[in-house]
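Working through the structure, step by step
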2 protein chains.
Amino acid sequence: MGMTKGPYTCGIDAAIDVVGGKWKVLILWALHERTRRFGELRRELPGVSEKVLIQQLRELEADEIVHREVYREVPPRVEYSLTDFGASLNDALRPLGAWGREHMARIVRIRATAGDVPEEAERVSRR
Amino acid sequence: MGMTKGPYTCGIDAAIDVVGGKWKVLILWALHERTRRFGELRRELPGVSEKVLIQQLRELEADEIVHREVYREVPPRVEYSLTDFGASLNDALRPLGAWGREHMARIVRIRATAGDVPEEAERVSRR
DNA sequence: GTGCGTACTGACCTACAGGTCAGTACGGGC
DNA sequence: GCCCGTACTGACCTGTAGGTCAGTACGCAC
């Protein structure tokens, strides 16, 4: 995804570099309500593979967004939670989530209507 | 990028589907201040290829985020601007941009320090 | 000693976003 | 007749994010 990009051109660039993985925002969303075990997270994100889930959790941990707590038991137990830093990121994402929720219907409608591409002649404005 | 994903799991998912291209947020950012010609945009986004820039502009146009105005002159002139819908998306992105700008130094520092991966033993908490 | 549940790890593969580069249409200037 | 600048288009290639799947360590229960 991102990771080790050169100096960012703007703040959004930097944020996307941190949260740009396929499942990362969903992970943040899931951890927002409460601490979760690895297996819980996997069940929470239908379609994610174990490999990628761990991978993205590790990256988020490296970025100090999530905290990983290992309990040396058998069978093993690992709990993931948001750090304060992660919580602040989640807050910053909230307006975007609200926008998406608010306009989801419109987006879906546009997507469904796609293919009705107007001819170039019609797209052009006469001067 | 996104395009025609199934029903979204949450609002952020939907928003990312719209704005998830490599250059799309930068395009929004550039158009936020003022209308731009195609060539201006290309110069504004160092590293973008013409093909991809056009592609992403077309997708944003299809999503009613940007407006494309063609002036039938020679040489051709095409101006891109934000729609009201696009402006609202830009507003929703602002907190994320602020977060990134605010914590950019930290992110860069973390990235630079990466490789100092603590041993598993040290990462584990004794109970 | 066989099988269980958990949280991983690693080799392998694939799809596709995005990059490269050459080509097109248009009229104006020389 | 030829080249210029602009805004594209399309064939081709590549890097890599992410998916599949098989394997591991660990103690406990039976």
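Anything mentioned here points back to the structure above.
As the structure is a prediction and not an experimental result, all values here were calculated from the model. (Residues numbered from 1 in each chain as written. Chains lettered and ligands numbered in written order. Predicted model: local features only at pLDDT ≥ 70, side-chain atom pairs only at ≥ 80, totals over all residues. Heavy atoms only, no water.)

1. Side note on helix H5 (residues 84-113) of chain A
Here is the rule we go by: Put simply, DSSP marks the helices as runs of H or I at least four residues long and the strands as runs of E at least two long, and each gets a number from the N terminus on. Multiplying 1.5 Å by the residue count of a helix minus one yields the expected span of that helix. One fitted axis covers the seven residues ending at a residue, a second covers the seven starting there, and the bend at that residue is the angle between these axes.
Between the first and last C-alpha of H5(A) there are 42 Å, a value that for 30 residues agrees with the 44 Å anticipated at 1.5 Å per step. Of all the bends in H5(A), the largest measures some 60 degrees and sits at His103(A).

2. Let's talk about the sheet that holds strand E1 (residues 36-37) of chain B
Residues and elements named next belong to chain B. The following threshold applies: Pairing between strands requires that DSSP locate at least two bridges from one strand to the other. By definition in these notes, contact holds between two residues if any of their heavy atoms fall within 4.5 Å. Helix axes are fitted to C-alpha atoms over the stretch in contact, other axes to C-alpha atoms as well, and angles between N-to-C directions run from 0 to 180 degrees.
Spatially, the 3 strands line up as an open sheet ordered E1-E3-E2, and their pairing is antiparallel. This sheet does not close on itself; its edge strands, each paired only once, are E1 and strand E2 (66-71). Sheet analysis places E1 next to strand E3 (residues 77-82), joined by 2 bridges and oriented antiparallel. From the neighbouring strand, Arg-37 faces E3, where its bridge partner is Glu-79. Helix H2 (residues 24-33) contacts E1, E2 and E3 of the sheet and is inclined by roughly 95 degrees relative to E3. Helix H4 (residues 50-62) rests against E2 and E3 of the sheet, and its axis sits at about 115 degrees to E2.

3. Here we look at the nonpolar core
Put simply, the rule reads: Buried Ala, Val, Leu, Ile, Met, Phe, Trp, Tyr and Cys residues that are joined via side-chain atoms within 4.5 Å together make up what is termed a nonpolar core. Remark: exposure states derive from per-residue accessible area (1.4 Å probe, protein chains only) relative to the maximum for the residue type, with buried under 20%, exposed over 50%, and partly exposed in between.
By size, the foremost hydrophobic cluster in this structure holds 70 residues, and its most contacted members are Ile65(A), Leu89(A), Ile65(B), Leu89(B) and Leu93(B). Apart from residues no more than four positions distant in its own chain, Ile65(B) is found in contact with Trp99(A), Val18(B), Leu28(B), Leu60(B), Ser81(B), Leu82(B), Thr83(B), Phe85(B), Gly86(B) and Leu89(B).

4. Regarding the interface of chain A and chain B
Operational definition: Joining two parts hides part of their accessible area as seen by a 1.4 Å probe, and the buried area is that hidden amount summed over both. What makes a salt bridge here is a side-chain nitrogen of Lys or Arg within 4 Å of a carboxyl oxygen of Asp or Glu, nothing more. Whenever a nitrogen or oxygen atom comes within 3.5 Å of another N or O atom, the pair is scored as a polar contact, on the condition that within protein one atom can donate a hydrogen and the other can accept it, and that pairs from neighbouring residues in sequence are kept only if both atoms are in side chains. Gly is placed with the polar residues, together with every amino acid not listed as nonpolar (Ala, Val, Leu, Ile, Met, Phe, Trp, Tyr, Cys and Pro) or charged (Asp, Glu, Lys and Arg).
Listed as interface residues are 49 residues of chain A and, on the opposing side, 49 residues of chain B. When the area that chain A buries against chain B is broken down by residue, the three leading residues are Leu96(A), Trp99(A) and Arg111(A), summing to 15%. Along the contact surface separating chain A from chain B lie 6 salt bridges. Of the charged contacts, one joins Glu64(B) and Arg106(A) as a salt bridge, the two residues approaching to 2.5 Å between their closest N and O atoms. For the interface between chain A and chain B, the tally reads 8 residue pairs in polar contact (both at pLDDT 80 or more). For the side of chain A that touches chain B, the secondary-structure elements that each account for two or more residues are helix H1 (11-19), helix H2 (24-33), helix H4 (50-62), strand E2 (66-71), H5 and helix H6 (120-123) of chain A. Looking at the side of chain A that touches chain B residue by residue, the class counts come to 25 nonpolar, 8 polar and 16 charged.

5. Regarding the packing of aromatic side chains
What characterises a pair of aromatic rings is the spacing of the ring centres plus the angle enclosed by the ring planes. The line we're drawing: Aromatic pairs are defined between Phe, Tyr and Trp rings, using the six-membered ring for Trp, whenever the two ring centres lie within 6.5 Å; interplanar angles under 30 degrees are classed as stacked, those over 60 as edge-to-face, and all others as tilted. Consider the ring centre and the ring normal. A charge sits over the ring if Lys NZ or Arg CZ is within 6 Å of that centre and within 35 degrees of that normal.
The full count for this structure, using the stated rule, is 2 aromatic pairs over all chains. Relative to Phe85(B), the ring of Trp99(A) lies with its centre 5.1 Å away and its plane at 25 degrees, an arrangement referred to as stacked. Here the residue Trp99(A) occupies a position in helix H5, and Phe85(B) occupies one in helix H5 (residues 84-113), the pair thus bridging two chains. The lysine or arginine in question, Arg77(A), covers the ring of Tyr71(A), its NZ or CZ lying 4.1 Å from the ring centre.

6. Focus on the sheet that holds strand E3 (residues 77-82) of chain A
Residue and element names in this part refer to chain A. The antiparallel open sheet is built from 3 strands, whose spatial order is E1-E3-E2. What marks the edges here is a single partner per strand, and that holds for strand E1 (36-37) and E2. Where E2 meets E3, 6 bridges bridge the pair, whose relative direction is antiparallel. Paired with Val-66 across the strands is Leu-82, a residue of E3. Across the face of the sheet, H2 comes into contact with E1, E2 and E3 while running at roughly 95 degrees to E3.

7. Notes on the relation of the copies chain A and chain B
Test applied: Copy-to-copy alignment: least squares on C-alpha atoms, limited to residues at pLDDT 70 or above in both.
Laying chain A over chain B is done by rotating through 180 degrees and shifting 0.0 Å along the axis; what remains is an RMSD of 0.1 Å. Considering both components of the superposition, the chain copies are consistent with a two-fold axis. Interface residue correspondence from chain A to chain B reaches 100%, placing this contact among same-surface, isologous pairings.

8. Focus on the environment of Leu82(A)
Residue and element names in this part refer to chain A. Tracing the chain through its elements places Leu-82 in strand E3. Spatially, the C-alpha atom of Leu-82 lies 6.2 Å from that of Ile-65, the residues being 17 residues apart in sequence. Leave out the neighbours within four places in its chain, and Leu-82 touches Leu-28, Leu-31, His-32, Ile-65, Val-66, Ala-87 and Asn-90.

9. Examining the pairing of E3(B)
With 5 of 6 residues buried, E3(B) lies mostly within the body of the structure. Counting the residues between successive antiparallel strands, the hairpin from E2(B) to E3(B) contains 5 residues.

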